[in-house]
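Tertiary structure, described
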Amino acid sequence: MLERVAVHHLESGGLRLLRGGRPRKRMLHSAFWVHGSGELDLAAAAASLFGGGGGCCGEEGGSTETTPTLQQQLLQANSTWRRADSIHLDFLYPSGALSFLRYLGRAVPRREGSPMFSVGGGKREYSSSTQLPSSEVVDPDHQLQERSLPITRAVPEPGLERPEDDNFAGLGEFMKSPQPGRYESAWYHYWNSKSATSKEAKAVRRHFISRYMLQSNHKQEWIRILSLLTSRPPKSWTNMDYESVIKCYIRLDHPERALEVLKNNVKRSLSSRNSGFEAFIRFYVLRERWDLVMEAWRILRGAENGTAQDRDRDRIMHLDTTALPCLRDPENFPKFVERIVRWADTIPMRERGGRRAPPLDDELAETLMKGCLSYITRPEAPWMGVLWENTWYYIRHRPGWIITKSDWERTISYLAGAFQDEKATYRYSRFRVHDPKDMSLDVMNKVLRCYARLEDLKGMQMVWDDILVFSDVGRPNRESYSILMAALARRGDSAGVYELLRRYTEEFIPETPQELSHIMQAHVERGELRDVVSWFERMLHEYGIKPDIISYNILINAHRKVGDVDGAARRVQEMLDRGLKPDTTTYNILLKMCASRGDVAGAENIFNLIKQSGLRLDPYAYEAMASAYVAVKDMDKAEAILKQVAEQSFDISPTPIWNTVLSAHAAMGNDERVNQIFELMHQREVPFDYYTYGIVMHCLCLAGKMESAEQTLTYMKEAKFHINTDKYAILMVGYLRLGDFRMVWETFKRILDDGLKADFKTLAVLLKSYAHAEVEEDSDMTGDMVHLKATEKTLDEITAEVRDLDLTSFDSVKSATPPWLFTPLINVYFHKSAWDRAIDIFARFLRVSTKEEYGASPNLQMYKSMMRVYHAGGDVEGVRHMWEGLKTTAVQLHKAIDLKLPNRRTILEVYRNEVCSALSILIRAMAQTKDIDIIDEEVKSIQGFGYELDNVNWNDYVQALVLAGDLAKAAEVCEKNLMSRWNDVRLYFFYQDPTMRGEEGKELPAVRPFIRTIETVATELRALEELRKRGDPTAKTLLVGIYRNAPTTWEACDGLEDLEGRASKEMMFRLQKSGEELMVGGDGRGGGGYY
């Protein structure tokens, strides 16, 4: 109501006041108090003050014409305009009304119908007291701007009140920690802060307040910023000022004013062109106002008054199209692309190969789409998938649109940075067809890295050659060499890395340890510890470079891979002495070392050290910890690791941790639990990887479901997995278990047909199938008559041929011929009693190993197999020789890790019984020669390392002592180590009739004497008793000693049922065994002949 009263009584729109007209001030007061503040709206009143609309100046009694709208009045830029700062209206308001209006202006949000500009044009609306008459000379450009834009100059208001909830000391404090929504505080502190002394400081304050106030959704803040910025001469505007003015106009729905600013300023300042155009174009693209977008484009391109051919070439300016689609609002980017594509589809396409300048609309569409592509492919941008593909495809297939060299390079860099290696290498292969010149070496290095991640050696070689031909520098740089050397190092190609390093040192001088770390890593992959240590020493002494934490991690890992825990411990201590602090990689290497040998206590200690050091546990640490629990078959704790992993998120996939637990259950035959974990992985969206599907195939093969295993392999091929020979090896083992040798050979043939090279794993399975097949054909042959000619010929061919390095091998030295390639054939010959042929195969392995620089030593299984062979052949010295090798190897593999005492040899608990079967072979062999001292020495030796004897060992030991004639010691050993659970098994020994033994099906204790052991001791006691009856005092003394020192053993022997018959059977057994030894030198059964 107030505005209607004001307009009615101020018929001239306020101008009559200056001509002496009679103001009816009293009625304004009454109207205000009658109608109150609820209906206050000064839009019409404010509009009546701006320039002579509606004929108010010429008619005394008012006008019946429609009052012009605010937009129409803002478009008037003629002589009727009057400067608002020359009119003072405070006297119109009664006492107290002005302060109430100020309160409303500060506290009440702007309504949709509120005026666009402040009546006074200052900091506060509803007041003209802040607008002082201008006494300065007005700049012509500034005067033109004021005629075009009805904004009064922003002058500080002395009475600006501080918000009640404001607690900032000043603008500086506010700028340090701006809080959202505190616009009144920001505005207050801006005007009340001390004036900045420099132009740059003023600009910083102005940019801050503009950026902050434009975060508001209220028009009041936009108007304040607009009045602030337009009070300055346009030629002094910065890029951000220019952009802020445009944003204010377009938000206030005045595109014509924004276009006028664009047009006036595009000629003035080259540096301010882009910012305003970007904000304007993006705003109206999203609203699909293509008429306004095209108008802005015509202004920018100098064709606002004509066609594309009439452009002023001096005014061409490329938009910053990388920022254009975003402008701090990336959420709307997909909509931005969608609207451009929809509009571009309505534009006639250019003719291919046309020479005329493209139409403006098609040119704009191309610029915008390429801007979207630039935004997508900006550095460090996230992968946008389908959006990138659609944008690239649209530009590539639009007639007349050209993908420039810069577009290609940005796209390839983007794909490489997003790890889209296949897409990046494909785009590069398409780009290089065009014979590019001066291509960025940085981009080519990224492509080289993509091929390296794909393990594409041919691709790497192609890019390396391209660098020499196409790159902008014409030769590789340090990064190029580093990428290629690292890729070859991961393949274990030490010769290739060495050749590159030689070329590298001819062009560059090594300055950092990383430049020499690649050759070390290559030898680590091969398991060649000596060369790793050699290059580590050369780094320091020859090149004068101090090793860093990465160098030490490589060295420690080299010791780990060959099982040298003492060396690893020494290197860790050496690293600490040099002042280097372990990092996550160091801890993970030590964790893997503990896990590989089942050292749970050591693994848990290092796991806790990682937590205490403040480093983040990564999937590698969790995988190693799960492996440690799996090694000791503690599946509850292993699955507890899975629960911890499921509650966290990682940058890399946690699938290997799940695979570790899965494979353990599969190996133990827990099919039901395997299925449950598979289901749990599906529920938690844990992706199946290459090794997960291998576990699936392994489980199916164990269950005999070969058809399903074959289907799994087919699915992996269809899913684009890179299939290696290991999956075929799983199938071959499955068919071998079923005795289907034909399918074993057929599967091996498929390996070759698929272009893969047979490795030692597949060849070992093939050899075993050949051996079993030949044995079945010659089943009636025994002894030296057995000669597996075809199998041995195949073995010779395998060992003679130079093969690719198998980095998936479990052997420590990957470059060596593995012993397990020969062991199956040795075992076949042993079971057929062809011991000479077995020894010949073993000698063949030793010859091959000796010729190799890093030849492998026999493993535990080969040592044990050869002990059986030598024992069966009666070669006691051969047994002893193999035992010494087995013992040394076992101690090295089974010792616990002690970083403080690296030379301490304590066997892990999980391996306490690991040498028991081999020890039994030694005891039986030594019993034949009655060399008890050697047995005692070896038993004491392995017990000193921490090994324990199992039940079989103690029974063998007792029987060996009896055969050697030391009955007293035999009885004592039996009493101490076998009779602790005698009461649980006495009925079993006393009676041969099962009904007399008590509980049917009762499980016997793990520690107990064998019946053969008791019968052996009892037979000797019976013989002593006969001697005692004949008056032999020595026999009597011996019997008394046994009775006192081994009463339980005496009871067991004395209580045997049918002792006479048992003794006769024992003597017949000994005579028979003695005869076999005379004929063939042993029992031929490889053990077990004494019980």
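Residues numbered from 1 in each chain as written. Predicted model: local features only at pLDDT ≥ 70, side-chain atom pairs only at ≥ 80, totals over all residues. Heavy atoms only, no water.

1. Describing the overall build of the chain
When helices and strands are tallied, the chain shows 52 helices and zero strands. A burial count over the chain gives 51% of its 1091 residues as buried. The long-range share in the chain, meaning contacts at least 24 apart out of those at least 6 apart in sequence, stands at 68%. A total of about 53400 Å² of accessible surface is found on the chain, and carbon and sulfur atoms cover 51% of it. (Helix = DSSP H or I, 4+ residues; strand = E, 2+ residues; numbered from the N terminus. Buried < 20%, exposed > 50% of the residue type's maximum accessible area, 1.4 Å probe, protein only. Contact = heavy atoms within 4.5 Å. Areas by Shrake-Rupley, 256 points an atom, 1.4 Å probe, with all protein chains shown as cover.)

2. Quick look at the pattern of salt bridges
Using the criterion set out here, one finds 52 salt bridges in the structure. Between R182 and D165 there is a salt bridge whose closest N-O contact spans 3.9 Å. With a gap of 17 residues between them, R182 in the loop between α7 (171-176) and α8 (183-192) and D165 in the loop between α6 (140-148) and α7 connect regions that are remote in the sequence. A residue is classified by how much of its surface remains accessible, and R182, at 15% relative accessible area, is buried. (Salt bridge = Lys/Arg side-chain N within 4 Å of Asp/Glu carboxyl O.)

3. Some words on the side chain of T586
Structurally, T586 is set in helix α28 (residues 584-596). Under the relative-accessibility criterion, T586 is labelled buried at 1%. Here N553 takes part through its side chain, which lies 2.5 Å from a polar atom of the side chain of T586. Apart from residues lying up to four places away in sequence, T586 is in contact with I549, N553, I556 and M575. (Polar contact = N/O pair within 3.5 Å; in protein donor to acceptor, adjacent residues only side chain to side chain.)

4. Considerations on unusual backbone geometry
Phi is positive for E455, close to 60°, though the residue is something other than glycine. With phi around 60°, K633 is a residue other than glycine that occupies positive phi space. Of note, K633 is situated in the loop between α30 (619-631) and α31 (635-646).

5. A short note on the nonpolar core
In terms of nonpolar packing, the biggest core is built from 277 residues, with F280, L591, L821, M867 and W883 touching the most fellow members. The residues touching W883, leaving out its near neighbours within four places in the chain, are M867, V915, A918, L919, L922, E938 and I942. (Core = buried A, V, L, I, M, F, W, Y, C linked by side-chain atoms within 4.5 Å.)

6. Details of the packing of helix α22 (residues 478-490) against helix α24 (residues 514-526)
The geometry of α22 relative to α24 is characterised by a closest axis approach of 8 Å and an angle of 10° between their N-to-C directions. In terms of axis orientation, α22 runs roughly parallel to α24. Counted together, R478, S482, M485, A486, A489 and R490 of α22 and E515, H518, Q521, A522 and E525 of α24 form the full contact between these two elements. Within the contact of α22 with α24, the residues separate by chemical class into four nonpolar, three polar and four charged. (Axes fitted to C-alpha atoms, helices over the stretch in contact; angles between N-to-C directions. Parallel < 35°, antiparallel > 145°, perpendicular 65-115°, else oblique. Nonpolar A, V, L, I, M, F, W, Y, C, P; charged D, E, K, R; others polar.)

7. So, the packing of aromatic side chains
Two descriptors summarise a pair of aromatic rings, namely the distance from one centre to the other and the angle between the planes of the rings. Enumeration over the complete set of coordinates arrives at 36 aromatic pairs. Taking 5.9 Å as the distance between ring centres and 15° as the angle between the ring planes, the aromatic pair formed by F208 and Y212 counts as stacked. Residue F208 and its partner Y212 are located together in helix α9 (residues 199-213), separated by four residues, close to a single helical turn. Exposure remark for Y212: the relative accessible area of 4% places this residue in the buried category. (Phe/Tyr/Trp six-rings, centres within 6.5 Å; stacked < 30°, edge-to-face > 60°.)

8. Things to note about helix α11 (residues 239-251)
Under the 1.5 Å per step criterion, the end-to-end length of α11 is 18 Å for 13 residues, consistent within 8% with the ideal 18 Å. For α11, a buried count of ten out of 13 residues is recorded, marking the element as mostly surrounded by other parts of the structure. Among the residues making up α11, those that are buried are D241, Y242, E243, S244, V245, I246, K247, C248, Y249 and I250. Two residues or fewer past α11, D253 is found with a positive phi of approximately 60°. (Expected span 1.5 Å × (residues − 1).)

9. A short note on the environment of M732
Relative to the elements of secondary structure, M732 occurs in helix α36 (residues 725-737). Along the sequence, M732 and M706 sit 26 residues apart, while their C-alpha atoms lie 10.0 Å from each other. When neighbours within four sequence positions are excluded, M732 is seen to be in contact with V744, T747, F748, I751, T762, V765 and L766.

10. Some remarks on the environment of A773
Here A773 shows up in helix α38 (residues 760-777). Sequence separation between A773 and F741 is 32 residues; the distance between their C-alpha atoms is 7.0 Å. If we ignore the near neighbours within four places in the chain, the residues touching A773 are F741 and W745.

11. Some words on the packing of helix α32 (residues 655-667) against helix α33 (residues 671-683)
Axis separation between α32 and α33 bottoms out at 9 Å; the angle between their running directions is 165°. Taken together, the axes of α32 and α33 are roughly antiparallel relative to one another. Crossing hand, α32 versus α33: left-handed. Mapping the contact onto sequence places T655, W658, V661, L662, H665 and A666 in α32 and R673, V674, I677, F678, L680 and M681 in α33. (Left-handed = near helix turned anticlockwise from the far one by under 90°.)

12. Some details on the environment of T391
Among the structural elements, T391 can be located in helix α17 (residues 386-397). The exposure class of T391 is buried, given its relative accessible area of 2%. Placed 53 residues apart in sequence, T391 and E338 show a C-alpha to C-alpha distance of 9.7 Å. Excluding residues within four positions of it along the chain, T391 makes contact with V337, M369, C372, L373 and I376.

13. Focus: helix α47 (residues 967-977)
Every buried residue of α47 is listed here: L967, A970, A971, V973, C974, E975 and N977. For α47, the elements touching its buried residues are α46 (951-963), α49 (1011-1029), α50 (1033-1045) and α51 (1047-1054).

14. Section: the confidence of the model for the chain
For the chain, the mean per-residue pLDDT works out to 79, and 75% of the residues sit at or above 70. Below pLDDT 50 for its whole length, residues 307-316 participates in 24 contacts with residues either more than four positions away or in separate chains. (pLDDT = per-residue confidence, 0-100.)

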